[in-house]
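Architecture and fold: a report
So you can see what is in the structure, the chains are spelled out below.
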Amino acid sequence: MTTWLAALRKMQETATPAVLVTVAQIQGSTPREPGARMLYTAHAQFDTIGGGHLEWRAAQIARAMLEADASELPGQRRLERIALGPSLGQCCGGVVFLSFERVACDAAGLATWQALEQSWSSGHDLWRALPLDHADPLLLVETDGQACQLDGPDHGLPVEALRNTRQTHLLRDRDGRRWLLDLCRAHQPQVVLFGAGHVGAAIVKVLANLPCRVLWVDEREDMFPADLPPQVSIEATDVPNAAVDMAEPGAYYLVMTHSHALDQQLTERILKREDAAWFGLIGSYTKRKQFEHRLAERGFSAAQLERITCPIGIPGIYGKEPSSIAIAVVAQLMQLWELRFTQPKPKGYTPSLVTHALDGRG
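These figures come from a predicted structure and were not determined experimentally.

1. Remarks on the overall build of the protein
For the protein, the count of helices and strands is twelve helices and 15 strands. The 362 residues of the protein split such that 48% are buried. Expressed as a percentage of contacts within the protein between residues at least 6 apart in sequence, the contacts between residues at least 24 apart total 60%. For the protein, the exposed area adds up to about 17,600 Å²; of that, 53% sits on carbon and sulfur atoms.

Shown next, in the form of structure tokens:
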């Protein structure tokens, strides 16, 4: 689970007052993207919206809200425009619009965040629709525009913005009321990693900080470290080939075992799956050519062989230390995930709604 959401759940369970800060919109160069979030309590903060004086200013506003009367709307929610210029001690030069919301410590609030947590865990995207200048409650809305609480009031949000836009932004509803529409993206690609050697361990260490799930497979149970993050599961098995069939559709495979013979067996098994998102095999161009020759003799087509990525890792990082290889490989995976999950803005939807929302009031 992401840090802010895990912290929020804990604050709810302990009835600790908190303010959730969200990057609602940006203009120009800024340290974080729309949808970045940070949670503040009176004495702690979780996650980051970019660091430096921006977070210092956000902390000032959030903690002032915690000291204010929570029954007043300005004490519950507000939108702030913060320019990242010399006056703030930051040289980005852009503008950040931050949404501040005081999190209610009640049963309804806990139920809302539990629902969001369940959605995150199941890999299901949701919108957090937060009214900014009226006191209606926070809504969770499906990406097709349907409210999760079907017996709730009509939210009045433009359905095309819910269906076709895939980024946190500001807008107005059909009655002219201002909202933060915050996309809580829950995609968690599965990485199936074969090999618990030095490189495999280094890759898992980096992946543990990213929104993905890892199935880590090796024959040698003693090779796995004792303490693993919850998104990493291990499969210590004498038949690692069977783990290929355990993977979900659209998984990303990395093969780097201690045995070239096992690497080839796994390659054959993975190539027979038509639903693999990507397959990376550690090794040189020479190893690739050897495998291609052997696999072609076994009846694999040229199209199937083209699905092998070998060598692995982004160009420009050529170090052979495990940490260098891990950085290069994980960067390659991140590029693939960005391409898969970043969607272009639709032609029929323009930012005019957002422009009208930012009328200087905050």
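2. So, the sheet that holds strand 8 (residues 169-172)
Pairing in this open sheet of four strands is antiparallel, and the strands run 7-6-9-8 from one edge to the other. For this open sheet the edge positions go to strand 7 (139-141) and strand 8, each flanked by a neighbour on one side alone. Going across the sheet, the axis of each strand differs from the next one's by a mean of 30 degrees, ignoring polarity. Sheet analysis places strand 6 (residues 126-131) next to strand 9 (residues 178-184), joined by six bridges and oriented antiparallel.

3. Digging into the side chain of Lys-287
Relative to the assigned elements, Lys-287 resides in helix 9 (residues 285-297). For Lys-287, a relative accessible area of 6% puts it in the buried group. Within the structure, the side chain of Lys-287 is placed 2.8 Å from the side chain of Asp-263, a separation counted as a polar contact. Non-local contacts of Lys-287, meaning those with residues more than four positions away in its chain, are made with His-260, Asp-263, Leu-281 and Ile-282.

4. Describing helix 8 (residues 260-271)
Under the 1.5 Å per step criterion, the end-to-end length of helix 8 is 16 Å for twelve residues, consistent within 8% with the ideal 16 Å. Every buried residue belonging to helix 8 is among Leu-262, Asp-263, Gln-264, Leu-266, Thr-267, Glu-268, Ile-270 and Leu-271, and all of these are buried. Where helix 8 begins, the capping side chain belongs to Ser-259, and its oxygen is found 3.3 Å from the backbone nitrogen of Ala-261.

5. Points about the confidence of the model for the protein
Averaged over all residues, the pLDDT of the protein is 84; the fraction at 70 or higher stands at 87%. Of all secondary-structure elements in the protein, the lowest mean pLDDT belongs to helix 12 (residues 352-357), at 28, while strand 13 (residues 252-255) reaches the highest, 98. Contacts for the low-pLDDT stretch residues 343-362, under 50 throughout, to residues beyond four places or in other chains number 34 contacts.

6. Overview of the nonpolar core
Core analysis: the biggest nonpolar cluster contains 25 residues, and Ile-203, Leu-207 and Leu-254 have the highest contact counts within it. The dominant element in this core, judged by the number of residues it contributes, is helix 11 (residues 322-341), at six residues. When neighbours within four sequence positions are excluded, Leu-207 is seen to be in contact with Val-191, Cys-212, Val-214, Gln-231, Val-330, Leu-333 and Trp-337. Membership of the second largest hydrophobic core comes to 24 residues, among which are Ala-7, Met-11, Trp-120 and Leu-126.

7. Side note on the packing of aromatic side chains
Per the counting criterion, the structure on display carries three aromatic pairs. Residues Trp-4 and Trp-113 carry aromatic rings whose centres are separated by 6.5 Å and whose planes lie at 85 degrees to one another, so their mutual orientation is edge-to-face. Pair noted here: Trp-4 is in helix 1 (residues 3-13) and Trp-113 is in helix 4 (residues 107-121), with a separation of 109 residues, a long-range link. Aromatic pair Trp-216 and Phe-224: ring centres 5.1 Å apart, planes at 85 degrees, arrangement edge-to-face. According to the relative accessible area criterion, Trp-216 is buried, its value standing at 1%.

8. Quick word on the pattern of salt bridges
Tallied over the full model, the rule gives 17 salt bridges. Arg-177 is the salt-bridge partner of Asp-136, the closest N and O atoms lying 3.3 Å from each other. Of the two residues, Asp-136 is situated in the loop between strand 6 and strand 7 and Arg-177 in the loop between strand 8 and strand 9; the sequence distance between them amounts to 41 residues. One salt-bridge network, in which partners are shared between bridges, spans Arg-37, Glu-101, Arg-128 and Asp-182.

9. Considering the sheet that holds strand 2 (residues 37-40)
Here five strands make up an open sheet; going across it, the order is 3-2-1-5-4 and the pairing antiparallel. Each edge of the sheet is formed by a strand with only one pairing partner; in this case those strands are strand 3 (45-47) and strand 4 (77-83). Here the strands of the sheet are splayed against their neighbours by 25 degrees on average, with no regard to which way each runs. The pairing of strand 1 (residues 18-27) with strand 2 spans four bridges and is antiparallel. Bridge pairing links Val-21 to Met-38 in strand 2. Helix 2 (residues 52-67) contacts strand 1, strand 2, strand 3, strand 4 and strand 5 (95-103) of the sheet and is inclined by roughly 30 degrees relative to strand 5.

Quick notes on the rules
- Residues numbered from 1 in each chain as written.
- Predicted model: local features only at pLDDT ≥ 70, side-chain atom pairs only at ≥ 80, totals over all residues.
- Heavy atoms only, no water.
- Helix = DSSP H or I, 4+ residues; strand = E, 2+ residues; numbered from the N terminus.
- Buried < 20%, exposed > 50% of the residue type's maximum accessible area, 1.4 Å probe, protein only.
- Contact = heavy atoms within 4.5 Å.
- Areas by Shrake-Rupley, 256 points an atom, 1.4 Å probe, with all protein chains shown as cover.
- Pairing = 2+ DSSP bridges.
- Axes fitted to C-alpha atoms, helices over the stretch in contact; angles between N-to-C directions.
- Polar contact = N/O pair within 3.5 Å; in protein donor to acceptor, adjacent residues only side chain to side chain.
- Expected span 1.5 Å × (residues − 1).
- pLDDT = per-residue confidence, 0-100.
- Core = buried A, V, L, I, M, F, W, Y, C linked by side-chain atoms within 4.5 Å.
- Phe/Tyr/Trp six-rings, centres within 6.5 Å; stacked < 30°, edge-to-face > 60°.
- Salt bridge = Lys/Arg side-chain N within 4 Å of Asp/Glu carboxyl O.

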